[in-house]
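The lines below spell out each chain.
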Amino acid sequence: MASPSRSNPNYYFHWVRDSGIAVKAILSLYQSATQPAARQRYFDLLMDFADFSRHIQRTATQSPAGLGEPKFTIDGEPYSGPWGRPQHDGPAIRAIELTRLAFVLLSEGKRELVREKLYDAKLPTDSVIKTDLEYISHHWREPCFDLWEEVWGHHFFTRLLERTALIEGAALAMKLEDAGAARWYLEQSRALGDELLLHWDPGRNHLVATRELDGRPSPRSGLDSSVVAATLGGYATEEDLHPEGGCVYPVDQEQVLATAAALESTFEAMYPINDPSRRIEGTAIGRYPEDRYDGYRGDSLGNPWPSLTIAFAAYYYKLAERYLRLERAVLTSTSLPFFQRLPLEDARFRPGEELRLGDPRFDEVVFALRRKGDAFLGRVHHHINPGGSLSEQMNRFTGHQQGAPDLSMNYAAYLLAAGMSGHLPSSR
Ligand code: NOJ
Ligand code: NOJ
């Protein structure tokens, strides 16, 4: 469930998006578990999720084909009240996590299980991953509601995850002798990639979260932390899977870096708890500057969110990891604002420069990324409830937890980010 809270607000639902993020954490626990009993427990949870997902895919809802339906009751009944539907990021997140699970099971020699439960290479299909991939590949051009369930249009977050799902799904299709499908998924992923390029606004120097349909300029700035969060969605990068493809938005893409910097400086100036006079490290991050949802009502004042502040920590860790893997970091005039915000002591560089492994400035950048990642986690620790619980939001004036208590996404995000920080070399 998104949260155990059954009223004010009622989050006692299987939200497809929230569950997909929780499953991402369970999968990583499964992969790192050493005790057989723990491994079995995570395995059972994953299988249960696959079965439950297949069940709700088959359930008639108010959204076409059922797959865009954003939330179900805990026992798998569709929510029948009015809601922002359809939402298309949920099936994408679900497909990404289940595809990853399929690869893990294949590496354990469980090919039959994968074919039976996850991907059957048939049309019409009776398997959960292929059902999602067919839906995504045929419906991504249609507008939908965004992940915040408020805005109708074409969304960077939704589309980047749809694209990731198609690319990783195509790799699985290839492995399971479904080459025609793989080709179709890749073709659609390329067309999606072209659409994603339209989200860049060079005038504002950041990616814009939503492209609206009527062509009228949006009253919103378009700045939205979901853009940065979306880049955390994938596992393999596109280069790993399809060398000819070229990756559109890895974490070190200059437009993503510029967007991260713009979000940080905006939220820093906007939320009083971020005021430097309070001397708390790590910027608390919210959804978007114009947000008015306070966790209870939509006509109030938005706040920073633990899950998004943790997502920024994960972003910095993933960026450090990527630079270490590539053994270089490139600085451009677009990404300059990002590097200017890093806590660097002596490193000096100019746009157009490439820092390589072995250059002391490269090490300094990597360590600064790690330190900043730690600071975002530290920020969440600073405002955590005495018993260690986290709610959906942190009050912008006091830092107190508010909105849905024990939001599952918080704990999933925390587990994932903490796991990533453990893999990086420690700071000097
Ligand atoms: C509101 C958030 O905007 C949405 O993304 C989330 O799925 C639900 N709460 C449930 O946590
Ligand atoms: C509930 C949604 O989940 C949330 O994202 C949205 O901001 C509020 N409703 C607005 O009222």
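See the structure shown above.
Each chain carries its own residue numbering, running from 1 in the direction its sequence is written. As they are written, the chains are lettered A onward and the ligands numbered 1 onward, keeping that order. Where local features are concerned, this predicted model is filtered to residues with pLDDT of at least 70; where side-chain atom pairs are given and counted, the filter is 80 or more; whole-chain, interface and lining totals use all residues. As a rule here, side-chain values come from all non-hydrogen atoms in the structure, and water together with hydrogens is ignored.

1. As for the overall build of the protein chain
For step 1, the next point in the chain: Helix numbers and strand numbers start at the N terminus; a helix is a DSSP run of H or I with at least 4 residues, a strand a run of E with at least 2. Per the secondary structure count, the protein chain includes 14 helices and 11 strands.
For step 2, the next point in the chain: Atoms counted for the radius of gyration: C-alpha only. Globule rule: 2.2 Å times residue count to the power 0.38. For the protein chain, whose C-alpha radius of gyration is 21 Å, the value lies close to the compact-globule estimate of 22 Å for 428 residues.
For step 3, the next point in the chain: Each principal axis of the C-alpha distribution contributes one length, and for the protein chain these read about 60 × 55 × 50 Å.
For step 4, the next point in the chain: In the protein chain, which comprises 428 residues, the share counted as buried stands at 57%.
For step 5, the next point in the chain: Of all intrachain contacts in the protein chain linking residues separated by at least 6 positions in sequence, the fraction that spans at least 24 positions is 65%.
For step 6, the next point in the chain: A 1.4 Å probe and the Shrake-Rupley method give the accessible areas. Residues count as covered only by the protein chains that appear here. A total accessible area of about 17,900 Å² is found for the protein chain, and carbon and sulfur atoms account for 53% of it. The cut-offs for exposure are 20% and 50% of the maximum accessible area for each residue type, with area from a 1.4 Å probe on protein chains only; residues under the lower value are buried, those over the upper are exposed, and the others partly exposed. Contact definition: two residues touch when any of their heavy atoms are within 4.5 Å.

2. Focus on unusual backbone geometry
For step 1, the next point in the chain: P9 follows N8 through a cis peptide bond whose omega is 0 degrees.
For step 2, the next point in the chain: Counting through the fold element by element, P9 comes out in the segment before β1 (14-15).
For step 3, the next point in the chain: Residue P86 is bonded to the preceding R85 through a cis peptide linkage, with omega at -5 degrees.
For step 4, the next point in the chain: Residue position: P86 is located in the loop between β2 (71-72) and α3 (89-107).
For step 5, the next point in the chain: If you check the backbone angles, E149 has positive phi at about 65 degrees while not being a glycine.
For step 6, the next point in the chain: You can see E149 is positioned in the loop between β3 (144-145) and β4 (152-155).
For step 7, the next point in the chain: At R279, a residue that is not glycine, the phi angle is positive and equals roughly 55 degrees.

3. A short note on the environment of K71
For step 1, the next point in the chain: Within the element layout of this structure, K71 appears in strand β2.
For step 2, the next point in the chain: Distance from K71 to R350, taken between C-alpha atoms, is 48 Å for residues 279 residues apart in sequence.
For step 3, the next point in the chain: Once residues within four sequence positions are removed from consideration, K71 is found in contact with F13, H14, W15, P78, Y79 and W83.

4. Section: the packing of aromatic side chains
For step 1, the next point in the chain: Only rings of Phe, Tyr and Trp enter the pairing, Trp through its six-membered ring, and a pair is recorded when the two centres are within 6.5 Å. The plane angle decides the type: under 30 degrees is stacked, over 60 is edge-to-face, the rest tilted. Scanning the model with the defined rule gives 16 aromatic pairs in all.
For step 2, the next point in the chain: Both rings, one in Y30 and one in F43, keep their centres 6.1 Å apart while their planes meet at 40 degrees; by these two values the pair is tilted. Of the two residues, Y30 is situated in helix α1 (residues 16-32) and F43 in helix α2 (residues 36-57); the sequence distance between them amounts to 13 residues. Side by side, Y30 and F43 carry an identical accessibility label, which is buried.
For step 3, the next point in the chain: Measuring from ring centre to ring centre gives 5.6 Å for F338 and F339, while their planes differ by 80 degrees; the resulting arrangement is edge-to-face.
For step 4, the next point in the chain: With a relative accessible area of 3%, F339 lands in the buried category.
For step 5, the next point in the chain: Among the aromatic residues, ring-to-ring pairing joins F312, Y315, Y316, F338, F339, F349 and F376 into one connected group.
For step 6, the next point in the chain: Sitting over a ring, as applied to charges here, requires NZ of Lys or CZ of Arg to be within 6 Å of the ring centre and within 35 degrees of the ring normal. Here the guanidinium or amino end of R6 rests over the ring plane of Y12, the centre of that ring lying 3.8 Å away.
For step 7, the next point in the chain: Across from the ring centre of Y79, 4.1 Å away, lies the NZ or CZ of K71, which sits over that ring.

5. Things to note about the site of ligand 1
For step 1, the next point in the chain: If a single non-hydrogen atom of a residue is within 4 Å of a molecule or strand, that residue counts as near it. Lining the immediate surroundings of ligand 1 are A2, Y11, W15, R17, D18, L147, W148, R287, W305, E392 and L407.
For step 2, the next point in the chain: Here a nitrogen atom of ligand 1 sits 3.2 Å away from a polar atom, N or O, in the side chain of Y11.
For step 3, the next point in the chain: Contact between ligand 1 and L147: an oxygen atom at 2.8 Å from a main-chain N or O atom of the residue.
For step 4, the next point in the chain: Contact with the protein chains hides 97% of the accessible area of ligand 1, taken as 290 Å² for the molecule alone. Residues adjacent in sequence count toward polar contacts only when both atoms are side-chain atoms; beyond that, a polar contact is any pair of N or O atoms within 3.5 Å, and within protein one must be able to donate a hydrogen and the other to accept it.

6. Brief notes about the pattern of salt bridges
For step 1, the next point in the chain: By definition, a salt bridge exists where a carboxyl oxygen of Asp or Glu is found within 4 Å of a side-chain nitrogen of Lys or Arg. Under the criterion given, the structure shown has 28 salt bridges.
For step 2, the next point in the chain: For R111, the salt bridge identified is with E177, shortest N-O distance 3.3 Å. Of the two residues, R111 sits in helix α4 (residues 111-118) while E177 sits in the loop between α6 (156-175) and α7 (179-196), which places them 66 residues apart along the sequence.
For step 3, the next point in the chain: Judged by its relative accessible area of 32%, R111 is partly exposed.
For step 4, the next point in the chain: With its nearest N and O atoms 2.6 Å apart, the salt bridge here joins E264 to K372. Taken together, the residues E264 in helix α10 (residues 254-270) and K372 in helix α13 (residues 360-383) connect sequence positions 108 residues apart. This pair shows no difference in class: E264 is buried, exactly as K372 is.
For step 5, the next point in the chain: A single network of salt bridges, built from pairs that share partners, joins E150, R220, R287 and D291.

7. Structural notes on the packing of α6 against α7
For step 1, the next point in the chain: Axis lines are fitted through C-alpha atoms, for helices just across the contact stretch, and the angle between N-to-C directions can take any value from 0 to 180 degrees. At a closest axis distance of 8 Å, the pairing of α6 and α7 adopts a crossing angle of 155 degrees. With respect to α7, the element α6 is oriented roughly antiparallel. Read as a crossing pair, α6 and α7 show a hand that is left-handed. Two secondary-structure elements touch here, α6 through F156, R159, L160, E162, R163, L166, I167, G169, A170, A173 and M174 and α7 through A179, A182, Y185, L186, Q188, S189, L192, G193, E195 and L196.
For step 2, the next point in the chain: For the contact of α6 with α7, the class distribution of residues is 13 nonpolar, four polar and four charged. Any angle between 65 and 115 degrees counts as roughly perpendicular, while under 35 counts as roughly parallel, over 145 as roughly antiparallel, and the rest as oblique. Here a crossing is taken to be left-handed if its near helix is turned anticlockwise relative to the far helix by less than a right angle, and right-handed if that turn runs clockwise. The nonpolar class holds Ala, Val, Leu, Ile, Met, Phe, Trp, Tyr, Cys and Pro. Asp, Glu, Lys and Arg form the charged class, and all remaining residues, Gly among them, are polar.

8. Thoughts on the pairing of β4
For step 1, the next point in the chain: Being paired, for any two strands, means DSSP has found at least two bridges between them. Where β3 and β4 come together, two bridges link them in antiparallel fashion. What sits directly across from C144, in β4, is G153.
For step 2, the next point in the chain: Following β3, the chain reverses through six residues before pairing antiparallel with β4; E149 in that reversal takes a positive phi of roughly 65 degrees.
For step 3, the next point in the chain: In terms of strand pairing, β4 meets strand β7 (residues 210-211) through two bridges, oriented antiparallel. By the bridge assignment for β7, H155 is matched with T210.

9. Overview of the site of ligand 2
For step 1, the next point in the chain: Around ligand 2 sit W148, E149, E150, R287, Y293 and G298, and that is every residue in its neighbourhood.
For step 2, the next point in the chain: Between ligand 2 and the protein, one listed contact pairs an oxygen atom with a backbone N or O atom of W148 at 2.7 Å.
For step 3, the next point in the chain: E150 places a polar side-chain atom, nitrogen or oxygen, 2.4 Å from an oxygen atom of ligand 2.
For step 4, the next point in the chain: The residue makeup of the shell around ligand 2, split by class, is two nonpolar, one polar and three charged.

10. Description of α2
At 3.6 residues per turn, the α-helix brings residues three or four places apart onto the same side.
For step 1, the next point in the chain: When the terminal C-alpha atoms of α2 are compared, their 31 Å separation across 22 residues agrees well with the 32 Å that a helix rising 1.5 Å per residue should span.
For step 2, the next point in the chain: For α2, the secondary structure elements touched by its buried residues are β1, α1, β2, α3, α4 and α5 (128-139). The span one expects for a helix is its residue count, reduced by one, times 1.5 Å.

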